[in-house]
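# Structural overview
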Amino acid sequence: MNLVHIIEKFFTSGASSSLKQIYDSLSKSDIIKSQSVICLKNDGANLSKKPPDYFPLDSKIYSYSNFCNEVKAKQFSDSVFVFHKLMCSPTRTISNILHKTDRPFLAINHTYVDNTIFNKMYNFNYCVSVSDHMSKKIIKVNKGIKSYVIKNIVDYEYVNKFDFKNYDKEEFFTGRINSLNAIKYNSDFIKWICSLDIGRKHVHEYMGSGQYMNEANSICNSYNNNKSQCRMLGSINEEEEKFKKIKSWDIFLYHINRPEGTSMSVLESL
């Protein structure tokens, strides 16, 4: 079997990390002959953006029309497609394109959201969700769909090969990973970090970027002090550097404003 993973955007995220873990796990299977990863973009979109460093080497970016031309040329005649759905992915468009391939396809739903609109699967007959409550939501919104639950994983042996980063252990380190968006970012969390007094110097390393990055940096500059401070690291695309950071933290802290599925960052911290 040739497996083609399709995702709507390349960026450092839990969904991307999950895709990588799935890819690596299936590469050990005797059933899977080959795998590839395709990022599908609107016609006219920038197709030059590179995937994160931890993505497989055979990752490619296609416009919708280019992908349709490849399908017509029978480039995927023996493939099974796996669509990795993000919250705002153009699910209807992807479904229409995949129906033209005349090949089996399914979706993996990576992101929980309450809004019914974002849970519509538009003629996907099969969907895998990464938590039970996500699966129930998909079934409720999409009558007749066959929904399955496979929770996220992190390969312990793979992560364990990375050494930890040595810090001055007179300092107490905490850390967090998430996109700085409306679902996961909260300014009060940073202010709370900077208000802590644990009896020795405390450093919190915040990994991630997004629309609230400038605001977060501004709060850090205003509230950091000699007892406790928050350092915004931005996105870290290199896997070894990311896991070395996580392993160096004494405690992993996590905050979220809304429900989600099975958090990849929590699994990675474990």
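The text that follows walks through the structure, step by step, so that each part is easy to find.

Cut-offs and rules
- Residues numbered from 1 in each chain as written.
- Predicted model: local features only at pLDDT ≥ 70, side-chain atom pairs only at ≥ 80, totals over all residues.
- Heavy atoms only, no water.
- Buried < 20%, exposed > 50% of the residue type's maximum accessible area, 1.4 Å probe, protein only.
- Helix = DSSP H or I, 4+ residues; strand = E, 2+ residues; numbered from the N terminus.
- Pairing = 2+ DSSP bridges.
- Right-handed = clockwise from strand over helix to strand, strands pointing away.
- Axes fitted to C-alpha atoms, helices over the stretch in contact; angles between N-to-C directions.
- Parallel < 35°, antiparallel > 145°, perpendicular 65-115°, else oblique.
- Left-handed = near helix turned anticlockwise from the far one by under 90°.
- Contact = heavy atoms within 4.5 Å.
- Nonpolar A, V, L, I, M, F, W, Y, C, P; charged D, E, K, R; others polar.
- Salt bridge = Lys/Arg side-chain N within 4 Å of Asp/Glu carboxyl O.
- Phe/Tyr/Trp six-rings, centres within 6.5 Å; stacked < 30°, edge-to-face > 60°.

### Re the pairing of strand S9 (residues 202–207)
The buried fraction of S9 is high, at 6 of 6 residues. Summarising the sheet, strand S8 (residues 172–177) and S9 pair through 6 bridges and their orientation is parallel. Within S9, the position partnered with Gly175 by the bridge is Glu205. Handedness of the S8-helix H6 (residues 187–195)-S9 crossover: right-handed. One ladder, built from 6 bridges, connects S9 with strand S10 (residues 228–234); its direction is parallel. Looking at S10, one finds that Tyr206 is bridged to Met232. In the classification by handedness, the crossover that spans S9, the intervening helix H7 (residues 213–223) and the parallel S10 is right-handed.

### A few points about the packing of H6 against H7
A pair of packed helices is characterised by two quantities: the angle between their axes and the separation of those axes. The N-to-C vectors of H6 and H7 enclose an angle of 25°; their axes lie 10 Å apart at closest approach. By the angle between their axes, H6 is roughly parallel relative to H7. Viewed along their axes, H6 and H7 form a crossing whose handedness is right-handed. Along the contact surface, H6 presents Ser187, Ile190, Lys191 and Cys194, while H7 presents Glu215, Ala216, Ile219, Cys220 and Tyr223. Classifying every residue of the contact of H6 with H7 gives 6 nonpolar, 1 polar and 2 charged.

### Notes on the packing of helix H2 (residues 64–72) against helix H3 (residues 91–99)
Two elements in contact, H2 and H3, have axes separated by 10 Å at closest approach and are oriented at 20°. Between H2 and H3, the crossing angle belongs to the class labelled roughly parallel. When the axes of H2 and H3 are compared, the crossing they make is right-handed. For the pair formed by H2 and H3, the contact residues are Tyr64, Phe67 and Cys68 on the first element and Thr93, Ile94, Ile97 and Leu98 on the second.

### Quick notes on the pattern of salt bridges
Taken as a whole and judged by the stated rule, the model has 10 salt bridges. Salt-bridge contacts for Lys151 lead to Asp132; the nearest nitrogen and oxygen are separated by 3.8 Å. Note that Lys151 is positioned in the loop between strand S7 (146–149) and helix H5 (156–160) and Asp132 in helix H4 (residues 132–141), a separation of 19 residues in sequence. Classification of Lys151 by relative accessible area gives partly exposed; the value is 46%. Between Lys184 and Glu260 there is a salt bridge, with its nearest N and O atoms 3.4 Å apart. With a gap of 76 residues between them, Lys184 in the loop between S8 and H6 and Glu260 in the loop between strand S11 (251–252) and helix H9 (264–269) connect regions that are remote in the sequence.

### Brief notes about the sheet that holds strand S1 (residues 2–7)
Strand pairing within a sheet occurs via backbone hydrogen bonds; the two strands may be parallel or antiparallel. Strand order across the open sheet formed by 7 strands is S3-S2-S1-S4-S5-S6-S7, with parallel pairing between neighbours. This sheet does not close on itself; its edge strands, each paired only once, are strand S3 (59–63) and S7. Averaged over all adjacent pairs, the angle separating strand axes in this sheet is 25°, with direction ignored. The pairing of strand S2 (residues 34–41) with S3 spans 5 bridges and is parallel. What sits directly across from Lys41, in S3, is Ser63. Along the sheet face, helix H1 (residues 14–26) touches S1, S2, strand S4 (79–85) and strand S5 (105–109) and points at about 175° away from the line of S1.

### Section: the packing of aromatic side chains
Under the definition given, this model contains 13 aromatic pairs. Between Phe67 and Phe81, the aromatic rings sit 6.0 Å apart at their centres with planes inclined by 80°, giving edge-to-face as the arrangement. Residue Phe67 is found in helix H2, and its partner Phe81 is found in strand S4; the two are separated by 14 residues along the sequence. The exposure classification of Phe67 matches that of Phe81, with both residues buried. With 5.5 Å between their ring centres and 90° between their planes, Tyr158 and Phe162 make a pair best called edge-to-face.

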